[in-house]
Amino acid sequence: MTRQALAATALSRRGFLAASVLGGAALVACSRSTTATAPNGGGATDPIAAAEAARPHTGKTVTARLAPGSADIDLGGTRARTLAYNNQVPGPLIRANVGDDIAVTVNNGLDHATSMHWHGLAVRNDMDGASPATPDIAAGGEFTYRFSSPYPGTYWAHPHTGLDTDYGLYVPIIIDDPADPMRYDAEWIVMLDDWTSGVGSSPEQIYQGLRPKSGSSQTSGMPGMPGMGGMGPMPGMGGMPGMGGMGSMSGTPGVGVAGTSDLLGGDGGDVNYPYYLVNGRIPAAASTFTAKPGQRIRIRIINAGADTAFRVALAGHRMTVTHTDGFPVVPTDVDALLLGMGERYDVIVTAGDGVFPLVASAEGKNAVARALLSTGAGSTPDAAFRPPELTRLVGTVDTFTATPQVQLPTTADVALQARLSGTMAQYDWAINGHPYDQTVPLTIHQGQDATLTFANATMMWHPMHLHGHTFQVIKADGTPGPRKDTVIVKPMQTVAVRLVADNPGIWMLHCHNAYHMGAGMMTTLNYTG
Ligand SMILES: [Cu+2]
């Protein structure tokens, strides 16, 4: 965030404070002091503590430690000097039951401030891990996030600071429901990523390459981006795999308009990456998941990329989709699935007998990521293999419907609007006409139901993500769609979603393209008790 942005959010936070008494944990190791009370100590006048008290609580606490820092990661014969949690990519799984208290201590070994955002988890606002609701953790500092999660599902966590998400800083999170009747024999977590850190241009170089070259904008830099240039220039990038073949607008390798995608309604993205990974491995050195023929495998697919939508298929199998962004849908069979950045889908497959590539095709980017499912003998197709399932029935947000148990109200008290604007040439991504440092927050009152309409006035697609809630997508014909916290909005498309204001606070609403978000495509949804 720029200083102006900090001032703006400080101002809006003061307005918020004036209207209510904010709860808040004792925040250590942050650069700003805040009036601190113990969690749950605020009493009935504290809307955040009241919302937390209303969540289920098992009385059990699950603890974890995450140490973000520099790491030397083996991507499968290719090593990358990057940033990671606990020296591994993805970072360690965090797993708890619904209602458990989760206590994650973060020891910040980075040279800049960081944060942990619990993507998709409807946690208490002061533990959301996005400033200003939760102050960042200073370099060298330590902070313990404490929250309980009210809903089961597949989630993940990542920093909400600068371009850190385009490094190796991400972990999967699974919240189990002990009462869940869904049966499966094996579970496979699949984290997808687009990778440049340590092998191509740094995310900061890419961002500078995307910004306009003329005028003063070149010096404006990434708002609040710490560690600029910390990775240093990368020599010899011209010969990096995957760097050729696509146009470069800027001379920065990797930066340029990607190819197009029919599913995304236009350009696939803004960046061509040297590699695309499944669970931290390049396709030529794919990881293998072992199961037995006939087993029902629950695959939890998470797109942790910064600028890449993936189309995912498991060769030789159909997939039964059971959950979108953690929430159940009417089970629906597809051959492939489209995931924008931040989206998760859970599927069930019945394993065949042999070796089967799970292929994640980078939409519009002419490259794949992959892993292997092995249940027996069989040869492995070459690393560029594309299973025919990729071009059969592809599930998108329009394909699915939430189960009746998790549908949200069909009427709304309030209409909220998020108009998405910006161009590739100016790289001036904004919501409702303002970049984040000048944003006018959306407001609502606790207990209200709202229709939030994303109106995309740009020629790019945007995966729009709201913190602290999941909304229900309303399909174009007015019928109920799936529950989501991140939804793809195609160029010039309007997508309406329904949400319930049941988790008071200051909540980020933004595009999950790391570069669009960095340029300003972010606002907040604010409400008090
Ligand atoms: Cu975007």
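Residues numbered from 1 in each chain as written. Predicted model: local features only at pLDDT ≥ 70, side-chain atom pairs only at ≥ 80, totals over all residues. Heavy atoms only, no water.

Comments concerning the environment of R386
Relative to the elements of secondary structure, R386 occurs in the loop between β22 (367–374) and β23 (394–395). When the C-alpha atoms of R386 and R370 are compared, they prove to be 9.8 Å apart, with 16 residues separating the residues in sequence. Among residues more than four places away in sequence, those in contact with R386 are S361, N366, A367 and V368. There is a polar contact of 3.0 Å between the side chain of R386 and the side chain of S361. (Helix = DSSP H or I, 4+ residues; strand = E, 2+ residues; numbered from the N terminus. Contact = heavy atoms within 4.5 Å. Polar contact = N/O pair within 3.5 Å; in protein donor to acceptor, adjacent residues only side chain to side chain.)

Examining the coordination of the copper ion
Tetrahedral coordination by four donors puts the ideal angle at the metal at 109.5 degrees, and octahedral coordination by six puts it at 90 or 180 degrees. For the copper ion, the full set of protein donor atoms is H462 (ND1), C511 (SG) and H516 (ND1), and the range of their distances to it is 2.0 to 2.1 Å. Mapped onto the polypeptide sequence, the residues donating to the copper ion form the spacing pattern H-x48-C-x4-H. The exposure class assigned to C511 is buried, which follows from its relative accessible area of 0%. Exposure remark for H516: the relative accessible area of 0% places this residue in the buried category. (Donors = N, O, S within 2.8 Å, 3.2 Å for Na, K, Ca; no water. Buried < 20%, exposed > 50% of the residue type's maximum accessible area, 1.4 Å probe, protein only.)

Some details on the side chain of D164
Tracing the backbone through its elements, the reader meets D164 in the loop between β8 (153–158) and β9 (171–176). An unpaired buried charge is present at D164: no salt bridge exists, and R81, the closest side chain of opposite charge, is 14 Å distant. Engagement of the side chain of D164 in a polar contact is seen with the side chain of H112, the distance being 3.1 Å. Ignoring any residue separated from it by four or fewer positions in sequence, one finds D164 in contact with L83, L110, H112, A113, T114, P159 and L169. (Lys, Arg positive; Asp, Glu negative; His and termini not counted. Salt bridge = Lys/Arg side-chain N within 4 Å of Asp/Glu carboxyl O.)

Observations concerning the environment of D325
Structurally, the position occupied by D325 is in the loop between β17 (319–324) and β18 (327–334). Put simply, D325 and Y345 are 20 residues apart on the chain and 6.0 Å apart in space, counted from C-alpha to C-alpha. Dropping the residues within four chain positions of it, D325 is found in contact with T154, Y155, E343, R344, R483, K484, D485 and T486.

Some thoughts on the sheet that holds β23
Taken together, the six strands give an open sheet; going across it, the order is β14-β22-β21-β16-β19-β23, and neighbouring strands pair in mixed fashion. At either end of the open sheet lies a strand with only one pairing partner, and these are β14 (288–290) and β23. (Pairing = 2+ DSSP bridges.)

Structural notes on the pattern of salt bridges
Per the stated rule, a full pass over the model turns up 18 salt bridges. The partner of R311 in a salt bridge is E363, and the shortest N-O contact between them spans 2.7 Å. Separated by 52 residues along the polypeptide, R311 in strand β16 (residues 310–314) and E363 in the loop between β21 (355–362) and β22 bring together distant segments of the chain. When its relative accessible area of 16% is taken as the criterion, R311 is described as buried. Accessibility expressed as a relative area gives 4% for E363, which makes it buried. Residue D325 pairs with R344 through a salt bridge whose shortest N-O separation is 3.7 Å. Within this pair, whereas D325 is found in the loop between β17 and β18, its partner R344 is found in strand β20 (residues 344–350), the two being separated by 19 residues in sequence. Look at the salt bridges and you will find they share partners, linking R95, D176, D180, E187, R298, R300 and D346 into a network.

Observations regarding the packing of aromatic side chains
All chains considered together, the criterion is met by 10 aromatic pairs. With a centroid separation of 4.7 Å and 85° between ring planes, the pair formed by F143 and Y145 is classed as edge-to-face. The two residues F143 and Y145 agree in class, both being buried. A connected cluster of aromatic rings, assembled from ring pairs, spans W118, F143, Y145 and F147. (Phe/Tyr/Trp six-rings, centres within 6.5 Å; stacked < 30°, edge-to-face > 60°.)

What to know about the pairing of β18
Here β17 pairs with β18 via five bridges, running antiparallel. Bridge pairing links V321 to T332 in β18. Counting the residues in the hairpin turn of β17 and β18 gives two residues, including D325, whose phi is positive at 50°.

Regarding the nonpolar core
Within the largest apolar cluster, 74 residues are counted, with the highest numbers of intra-cluster contacts made by I297, I299, L337 and Y515. With residues up to four places along the chain from it excluded, the contact list for I299 reads W188, V190, L314, Y345, D346, V347, V349 and L358. Counting 30 residues, the second largest nonpolar core, distinct from the first, contains L66, I94, A96 and I175. (Core = buried A, V, L, I, M, F, W, Y, C linked by side-chain atoms within 4.5 Å.)

Looking at helix α3 (residues 203–210)
Burial within α3 is extensive, with seven of its eight residues counted as buried. Within the sequence span of α3, burial applies to P203, E204, I206, Y207, Q208, G209 and L210.

Some points on the confidence of the model for the protein chain
When pLDDT is averaged along the protein chain, the result is 87, and 84% of the positions lie at 70 or above. This model gives residues 1–43 a pLDDT under 50, and the stretch forms 72 contacts once residues within four places in sequence are excluded. Predicted confidence for residues 215–248 stays below pLDDT 50, and this span has 70 contacts to residues more than four positions away or in other chains. (pLDDT = per-residue confidence, 0-100.)

Structural notes on unusual backbone geometry
In the segment running from V89 into P90, the intervening peptide bond is cis, with an omega of -10°. On the secondary structure map, P90 appears in the loop between β3 (79–85) and β4 (94–97). Across the junction of S131 and P132, the peptide omega takes the value 10°, indicating a cis bond. In this structure, P132 sits in the loop between β6 (117–119) and β7 (142–148). Positive phi values are uncommon outside glycine, yet N279 reaches one of about 50°. Tracing the backbone shows N279 in the loop between β13 (275–278) and β14. With phi around 50°, D325 is a residue other than glycine that occupies positive phi space. By relative accessible area, which is 0% here, D325 ends up buried.

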